[in-house]
Amino acid sequence: MARRKKGEPLRPGYTTGACAAAAAQAATTALLSQEAVTRVQTDLPGAAGANFKVNRCIFDREQASCSVIKDAGDDPDVTHGAEIQATVTWKGESGITITGGKGVGMVTKPGLEAPVGTAAINPVPRQMIERSVSQVIRNNLDGKGVQVTISVPTGEELAKRTLNPRLGIVKGISILGTTGIVIPYSVNAYKACISQGVDVAAACGCRQVVLTTGRRSEKFAQGELALAEECFVQAGDFIGYSLGECARRRLAKVIVWGMTGKISKLAAGHLYTNISDSKVDMGLLAGVAAGCGVQDGMLKILQEAITANHFRRMLPPEYTRKFCDRLCRLAAEKCREGAGAKLEVECIMTSYDGTILGRASA
């Protein structure tokens, strides 16, 4: 599982769902054969099949446990290197039962693919696990059934680095994946998290959502706004996409909370704010400052600013609040346009320490 070297093509990996299916297949094989399993060939929805190395295999006549180490390829995934374990035990009734064990989260809020009160194992991974086990057991059960328990020993700790707590998934990670393959491009994964967050907000009855540009902005917003936790969604650079998701779910209002640089980009109409795709328009900022009454001589100095925050700090203090409010109004107007005028939009801009510098609605 060596990480990519510079210049090499991006390497795909496997989802937690694929690894869980492979571990379950290995454990079922060990239980039936009473022999150690070192590798399995597992069918995946998005590919003909994949070969997995079995990390650990323990068995007796009543149960078997096997694990696979997750290889996420070159996707920046917190579960890369995690041990995904399956324990298969006999049960008196026929059929295959799939449950979550230690380190697999429990769903506590509506709006997700897995029902409330069940393990956070999404439908496609469940199908993959069941199919992998079925292929091994075929007609060898003599009326008995098997219970498959998926565990992730480090899952509860890993979950703290994901959005699971916000989504209402407690005490572990989710077992995910629709194809079994992790495409090494994190934009898709991030957008999926945004959509999921908006789904949960809508399902929990939130009529407004707060889109934040990062963890720090979110912390400041949560300290200021008396809203339920589900109302806060980390949009990162994907403000335009997030606004579209909110509009699609017919929410009433969106608050966009960010710092000077991000709000400046939104004011210029850049609803994807990554540095690779957009830069701060100093001419725009100078125009806003001029509209606030800043004199020509000072405007020339301001246009030498290196960043939007630098520009803001160079402003004479008597113009700062007016400038920030106007910039927020411009940003809110662009955001509302980007959402097809289907949402009420307010933008709030803060400093690095969380002080509100400006706010305005479209």
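Before reading further, recall that the structure is shown in the block above.
Now for a quick tour of the structure. It should be emphasised that the depicted structure is a prediction, and the values quoted were computed from it without experimental measurement.

**Regarding the nonpolar core**
So, step 1. Of all hydrophobic cores here, the largest spans 59 residues; its most connected members are F311, F323, C335 and L343.
So, step 2. Ranked by the residues each element gives to this core, the list is headed by helix α12 (residues 317-338), at eight residues.
So, step 3. The residues touching L343, leaving out its near neighbours within four places in the chain, are L243, C246, A247, L251, A252, V254 and R336.
So, step 4. In this structure, A23, A30, L141 and I175 belong to the second largest nonpolar core, which totals 41 residues.

**Some remarks on the sheet that holds strand β4 (residues 56-59)**
Whenever strands of a sheet pair, they do so through backbone hydrogen bonds, lying parallel or antiparallel.
So, step 1. Read across the sheet, five strands follow the order β4-β5-β6-β10-β7 without closing on themselves; strand pairing throughout is mixed. A strand with exactly one partner marks an edge of an open sheet, and here the two such strands are β4 and β7 (95-100). The mean inter-strand angle of the sheet, taken between neighbouring strand axes irrespective of direction, is 15 degrees.
So, step 2. The pairing of β7 with strand β10 (residues 145-151) spans six bridges and is classified as parallel. Residue pairing across strands places G100 opposite I150, the latter belonging to β10.

**Considering the pairing of strand β14 (residues 208-212)**
So, step 1. Burial analysis of β14 places four of its five residues in the buried class, which makes it a mostly covered element.
So, step 2. In this structure, β14 lies alongside strand β16 (residues 253-259), joined through five bridges in parallel fashion. Among the inter-strand pairings, V209 is bridged to a residue of β16, identified as V254.
So, step 3. Alignment of β14 against strand β15 (residues 232-234), held across three bridges, turns out to be parallel. In the strand pairing of β15, V210 is matched with F232.

**Brief notes about the packing of helix α9 (residues 282-291) against α12**
So, step 1. Direction vectors running N to C along α9 and α12 enclose 125 degrees, while the axes themselves pass 9 Å from each other. It follows from the interaxial angle that α9 and α12 lie oblique. Considering the relative orientation of α9 and α12, their crossing is right-handed. Only F323, R326, L327 and L330 of α12 make contact with α9, whose side of the interface consists of L284, L285, V288, A289 and G291.
So, step 2. Taken together, the residues of the contact of α9 with α12 sort by class into seven nonpolar, one polar and one charged.

Reading guide: rules and limits
- Residues numbered from 1 in each chain as written.
- Predicted model: local features only at pLDDT ≥ 70, side-chain atom pairs only at ≥ 80, totals over all residues.
- Heavy atoms only, no water.
- Core = buried A, V, L, I, M, F, W, Y, C linked by side-chain atoms within 4.5 Å.
- Buried < 20%, exposed > 50% of the residue type's maximum accessible area, 1.4 Å probe, protein only.
- Helix = DSSP H or I, 4+ residues; strand = E, 2+ residues; numbered from the N terminus.
- Contact = heavy atoms within 4.5 Å.
- Pairing = 2+ DSSP bridges.
- Axes fitted to C-alpha atoms, helices over the stretch in contact; angles between N-to-C directions.
- Parallel < 35°, antiparallel > 145°, perpendicular 65-115°, else oblique.
- Left-handed = near helix turned anticlockwise from the far one by under 90°.
- Nonpolar A, V, L, I, M, F, W, Y, C, P; charged D, E, K, R; others polar.

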